[in-house]
Amino acid sequence: MTVGKYPTLLVLTVHHFFIAFPFIILCFRAKQLIEQKRNEKEGSENQEVKKNEFDRRHTGQEFSKSKRDREERQSQDIVNQIKEDRAKERAHREAVRQQIARDRAEREDRRQNELQERQRAQAAAAAPSAAMAGGSERQGRSDCTSARLQFRLPDG
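Criteria and thresholds
- Residues numbered from 1 in each chain as written.
- Predicted model: local features only at pLDDT ≥ 70, side-chain atom pairs only at ≥ 80, totals over all residues.
- Heavy atoms only, no water.
- Salt bridge = Lys/Arg side-chain N within 4 Å of Asp/Glu carboxyl O.
- Helix = DSSP H or I, 4+ residues; strand = E, 2+ residues; numbered from the N terminus.
- Buried < 20%, exposed > 50% of the residue type's maximum accessible area, 1.4 Å probe, protein only.

In the annotation of an unreviewed UniProt entry, the chain is listed under the name UBX domain-containing protein 4 and assigned to Desmophyllum pertusum.

Given below as structure tokens:
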């Protein structure tokens, strides 16, 4: 088939056009569908990436919050333990102070009792010796608790 001086040119006729046109339309439609599917896939992937990022951030925030809450509970427990220890220590100190006061009172009572016993014994011992000596001078010295002794030896 030659047309004029250009024998190798392909001449399209109306017949060829009607045969090729549906094929061209199908190819165009197929490209459109492929592009649409690609866009939908990219959109869904973007949404999935956003959702995963949101979930990751949310999980991190929850983890941080739980960690902060746990640390606050531990701090509060430590504060409560310190308060409890201080209260126990105060109670123990008070008990020791009361015991010391009781011990002092008992010691003072014993000292008073011993002093009264000594005074009675001295009074009882002074009464018979005062009757023997008969002098008031002896009675005045009866409340002395010590005596001084002097010895003279034969050699001087």
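Further notes follow.
The next point concerns the pattern of salt bridges. It is possible for side chains of opposite charge to pair when their charged atoms get near one another. Per the counting criterion, the structure on display carries 10 salt bridges. The shortest N-O distance in the salt bridge between Glu-53 and Arg-57 comes to 3.2 Å. Linking Glu-53 with Arg-57, this pair stays in helix α1 (residues 14–133), spanning 4 residues, or about one helical turn. Residue Glu-53 is classed as partly exposed on the basis of its relative accessible area of 30%. The salt bridge involving Glu-94 is made with Arg-97; its shortest N-O contact spans 4.0 Å. You can see Glu-94 and its partner Arg-97 sitting in helix α1, 3 residues apart, about one turn around the helix.

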